[in-house]
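Architecture at a glance
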Amino acid sequence: MTTDMRAALLTSTGGPDGLSVARVPRPRPGLEEVLIQVEACGINRVDILIRDGQTPTAPPLPHILGCEVAGTIVEVGPGTRPGWLPGDHVVSRPLMSCGLCRACRTGHDNVCDNLKILGVDAPGGYAEFVVVPQRGLLRLPGTVSARTAAAVVGTGPTAWHMLVTRGRLQVGETVLIIAGASGIGVLAIQIAKRAGARVIATAGSASKRERLLDLGADEVVDHMSERWHRQVRQLTGGEGVDLVFEHVGQATWASSISSLRKGGRLVTCGGHTGFDVSLNLWPLFAKEIEVIGSFAGTTQDLHQVFGAVARGEVSAVVHGSYGLEEAALAQRQLEDRSSVGKVVLVP
Ligand SMILES: [Zn+2]
């Protein structure tokens, strides 16, 4: 039995050249852990932030990135709950929660006091094998492929948490999905339609706008045009939308706020174009606007979204699949914003 594996190693920060394939020892599962043969691993923006050295804390190098893992269990560590066996087709939650703290015990395990993230605080899925905690496993039905699961496991629960859990989206409301062609946007459009909302999405090219209409968006506006929030207002009879789904940050923040109706809600989970935004308090209180923070998704959100995927109510949108040696190219697909949906590594 071979005891090593191929992995796309991050050996230096500062750009895609820091990634290269090497043979490394195959990890072994410890207490309450399993070893998974990786069949697909989604590329997440956090991978690129770590690669570029832009995170507040960085893992020691060399490091294996990748938090969105799906595959087959090949070895079960000591102390795991009965029922998990080699051969099981699974997806692993990117967040590793302790299960013990107050947040975990009250159903808010996305904000666990002892939170760790796969591929950030532990070696991730840009490899043939990865060790993950049994606590974060979800069994996949045969109808859901590893590629689909890897494309959904990070962004799906995040989108669900934003729209349903935190955003309280109701039937008949209008939601504005910023950057609808992104990995999270394509799922948010489908989740919002499933919830009975009218969906206005934004996209930066004609081909992306067409694609988003095919995915179910009712209207799509061009966020490259100046003052695009005026188009959003026109589409809502001058009123503005009930909920804005914001994950871009500085570049879209002002227009996102301007797109809200009186009493509207803005839910935000990210800001890869910049975290520092300005907020004018006058419209905030005069229009009774709510600004809501949202962080990833809970185990409950994960189960909800995979239930919807298994029933065919929400579909993964995979822009492309790449081998381990193409990890840098795969990340570039995400960075240059040419992709619609998720980019996935298939080791
Ligand atoms: Zn916890």
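Each remark here, short or long, concerns the structure printed above.
One structure accompanies this document, and this report is about it.

So, about unusual backbone geometry. Residue Pro-62 follows Leu-61 across a cis peptide bond; omega there is -5°. Looking at the secondary structure, you find Pro-62 in the loop between α1 (45-51) and β4 (63-64). Even without a glycine there, the phi angle at Ala-179 is positive, about 50°. Of note, Ala-179 is situated in the loop between β11 (174-177) and α5 (183-194). On the accessibility criterion, Ala-179 (15% relative accessible area) is buried. A positive phi angle, near 50°, is found at Arg-227, a position not held by glycine. Relative to the elements of secondary structure, Arg-227 occurs in the loop between β13 (219-222) and α7 (228-235).

Coordination of the zinc ion by the protein is provided by Cys-98 (SG), Cys-101 (SG), Cys-104 (SG) and Cys-112 (SG), with metal-donor distances spanning 2.3 to 2.4 Å. Around the zinc ion sit four donor atoms; with metal-centred angles ranging over 102 to 120°, the donor geometry is tetrahedral. Along the chain, the residues donating to the zinc ion fall in the pattern C-x2-C-x2-C-x7-C. We classify Cys-101 as buried; its relative accessible area is 9%. Overall, Cys-104 belongs to the buried group, its relative accessible area being 14%.

What counts as what
Residues numbered from 1 in each chain as written. Predicted model: local features only at pLDDT ≥ 70, side-chain atom pairs only at ≥ 80, totals over all residues. Heavy atoms only, no water. Helix = DSSP H or I, 4+ residues; strand = E, 2+ residues; numbered from the N terminus. Buried < 20%, exposed > 50% of the residue type's maximum accessible area, 1.4 Å probe, protein only. Donors = N, O, S within 2.8 Å, 3.2 Å for Na, K, Ca; no water. Tetrahedral: all angles 85-135°; square planar, octahedral: opposite > 155°, others 65-115°.

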